[in-house]
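# Structure at a glance
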Amino acid sequence: MKKQLYQIVNHKAFQITVIILIVLNAILVGVETYDHIYQDHQTFFHYADRVLLWIFTIEIVMRFFSTSVRSFFKSGWNWFDTLIILAGHLFTGGHFVTVLRVLRVLRVLRAISVIPSLRRLVDALVMTIPSLGNILFLMGIFLYIFAVIGTMLFSDFAPEYFGNLQRTILTLFQIVTLDSWSSGIMRPLMEYNEWIWIYFVSFVLVGTFIIFNLFIGVIVNNVEKANDSEDEEDPANRQVSVSVSELKRIEQQLESIQAELKKQNHS
């Protein structure tokens, strides 16, 4: 029974069906935001939500019984899916209408746990969090240095952008996002001094291109690690590796038998 459930839950058609239902749930939640449609079809939206909730509940139960309890709760994604669905059953009634709507939106996030590529990407982002500490600290040092220099140089020319350290840091955050930093901030200040561009260009090169590329490098590295770890944990891959080792062992045994037969024939 457990084997059959495991094959069903991990079948491609089953996963595609779950994704379609999640997309359908997302569409219904989006349509509910139009009051004139929701008010005229409240009953339909209520029963559609209940049906989808119970379908997702059955899916979670099937996944639970298709494996061991330890293996099921070892995965953080299973915890996430279970809590989302369980909350939909707990928060019922007129007092929790807003909460229920929010929870229905959160069900869309279950697409991440169902689609392996998205799951690996999020796993990589989570793995990146510890590594980002040093990068954020480095970025904070550069930001503070450029903020102090900018306040000293431009506070008289553009107090709305560089009047104090707080305003300068906010301005530099805007420049990091490349949001109209050239036409809105740098070029007006170049009317006072044509060499001001050196400050802005150097900050953009350091803050945007160098620091952000460090972020991208760390994320890409962790995406590769997440892919490798998931491949190692995949039972299908483990089964393939076991099958290959078994074939090699059988091949060695056949070679030894052939060698023995040759010896007997020669004798």
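Up top is the structure these notes are about.
To keep things clear, this report deals only with the structure shown in the data block. It should be emphasised that the depicted structure is a prediction, and the values quoted were computed from it without experimental measurement.

### Regarding the overall build of the protein chain
A tally of helices and strands in the protein chain yields 14 helices and zero strands. Counted from the first residue to the last, the protein chain has its helices and strands arranged as α-α-α-α-α-α-α-α-α-α-α-α-α-α. Out of the 267 residues in the protein chain, the part that is buried amounts to 29%. Residue pairs at least 24 apart in sequence account for 64% of intrachain contacts in the protein chain once pairs closer than 6 positions are excluded. Per element, the accessible surface of the protein chain, about 17700 Å² overall, is 66% carbon and sulfur.

### Topic: the packing of helix H1 (residues 2-9) against helix H4 (residues 42-65)
The interhelical angle for the contact between H1 and H4, taken along N-to-C directions, is 130 degrees, at an axis separation of 8 Å. In terms of orientation, H1 lies oblique with respect to H4. For the pair H1 and H4, the crossing hand works out as left-handed. Mapping the contact onto sequence places Lys2, Leu5, Ile8 and Val9 in H1 and Met62, Arg63 and Phe65 in H4. Each residue belonging to the contact of H1 with H4 can be placed in one class, and the counts come to five nonpolar, no polar and two charged.

### Describing helix H11 (residues 165-176)
The end-to-end C-alpha distance of H11 is 16 Å, a good match for the 16 Å that 12 residues give at a rise of 1.5 Å each. Along H11, the positions that sit buried rather than exposed are Thr168, Thr171, Leu172, Ile175 and Val176. For H11, the angular spread of buried residues about the axis comes to 145 degrees, placing them on one side. Exposed positions of H11 whose direction lies more than 90 degrees from the buried face are Gln166 and Leu170. One or two steps after H11, the chain reaches leucine 178, where phi turns positive at roughly 60 degrees.

### Topic: the nonpolar core
If you look at soluble globular proteins, the nonpolar side chains tend to sit buried side by side. In this structure, Phe162, Leu172, Ile175, Leu189 and Phe200 are the most contacted members of the largest nonpolar core, which totals 24 residues. Among the elements of the structure, helix H9 (116-154), H11, helix H12 (181-189) and helix H13 (197-233) are those that each provide at least two residues to this core. Not counting residues within four places of it along the chain, the set of residues in contact with leucine 172 comprises Leu143, Phe146, Ala147, Tyr199 and Phe203. Phe14, Leu53, Phe56 and Met62 belong to the second-largest nonpolar core, a separate cluster that totals 19 residues.

### Regarding the packing of aromatic side chains
One pass over the structure, following the stated rule, counts 16 aromatic pairs. Here phenylalanine 64 and phenylalanine 72 contribute two aromatic rings whose centre-to-centre distance is 5.3 Å and whose plane-to-plane angle is 85 degrees, an arrangement assigned as edge-to-face. Using a relative accessible area of 23% as the deciding quantity, one classes phenylalanine 64 as partly exposed.

### Comments concerning a nonpolar patch on the surface
On the surface, Phe137, Ile141, Tyr144, Ile145, Ile149, Met152, Leu153 and Leu165 cluster together to form a nonpolar patch covering roughly 800 Å² of accessible area. The biggest single contributor to the nonpolar patch is H9, with seven residues. The residue isoleucine 141 is located in helix H9 in this model.

### Quick notes on the side chain of threonine 57
By secondary structure assignment, the location of threonine 57 is in helix H4. Judged by relative accessible area, threonine 57 falls into the buried class, the value being 15%. Once residues within four sequence positions are removed from consideration, threonine 57 is found in contact with Ile85 and His89.

### Some thoughts on the environment of isoleucine 60
Looking at where isoleucine 60 falls in the secondary structure, it is placed in helix H4. Sequence-wise, isoleucine 60 and valine 9 are 51 residues apart; in three dimensions their C-alpha atoms are separated by 9.6 Å.

### Concerning the packing of helix H2 (residues 12-32) against H4
When two helices pack together, you describe them by how their axes are tilted relative to each other and by the distance separating the axes. Running from N to C, H2 and H4 cross one another at 150 degrees; their axes reach a closest spacing of 11 Å. On the basis of their axis angle, the class for H2 and H4 is roughly antiparallel. As for how H2 packs across H4, the hand of that crossing is left-handed. Of H4, the residues touching H2 (which contributes Phe14, Val18, Leu21, Ile22, Leu24, Asn25, Leu28, Val31 and Glu32) are Phe44, Phe45, Ala48, Leu52, Ile55, Phe56, Glu59 and Met62. By residue class, the composition of the contact of H2 with H4 is 14 nonpolar, one polar and two charged.

### Brief notes about H9
Because each turn of an α-helix spans 3.6 residues, side chains separated by three or four positions end up pointing in the same direction. A maximum bend of about 50 degrees is found in H9 at serine 131. Taken residue by residue, H9 has Arg119, Ala124, Thr128, Leu132, Ile135, Met139, Leu143, Phe146, Ala147, Gly150, Thr151 and Phe154 as its buried positions.

### So, the side chain of aspartate 49
Structurally, aspartate 49 is set in helix H4. For aspartate 49, a relative accessible area of 6% puts it in the buried group. If we ignore the near neighbours within four places in the chain, the residues touching aspartate 49 are Arg104 and Arg107.

Rules used in this analysis
- Residues numbered from 1 in each chain as written.
- Predicted model: local features only at pLDDT ≥ 70, side-chain atom pairs only at ≥ 80, totals over all residues.
- Heavy atoms only, no water.
- Helix = DSSP H or I, 4+ residues; strand = E, 2+ residues; numbered from the N terminus.
- Buried < 20%, exposed > 50% of the residue type's maximum accessible area, 1.4 Å probe, protein only.
- Contact = heavy atoms within 4.5 Å.
- Areas by Shrake-Rupley, 256 points an atom, 1.4 Å probe, with all protein chains shown as cover.
- Axes fitted to C-alpha atoms, helices over the stretch in contact; angles between N-to-C directions.
- Parallel < 35°, antiparallel > 145°, perpendicular 65-115°, else oblique.
- Left-handed = near helix turned anticlockwise from the far one by under 90°.
- Nonpolar A, V, L, I, M, F, W, Y, C, P; charged D, E, K, R; others polar.
- Expected span 1.5 Å × (residues − 1).
- Arc of directions from axis to C-beta.
- Core = buried A, V, L, I, M, F, W, Y, C linked by side-chain atoms within 4.5 Å.
- Phe/Tyr/Trp six-rings, centres within 6.5 Å; stacked < 30°, edge-to-face > 60°.
- Patch = residues over 30% accessible without salt bridge, like charges linked within 9 Å, V, L, I, M, F, W, Y side chains within 5 Å.
- Salt bridge = Lys/Arg side-chain N within 4 Å of Asp/Glu carboxyl O.
- Bend = angle between axes of the 7 residues up to and from the residue.

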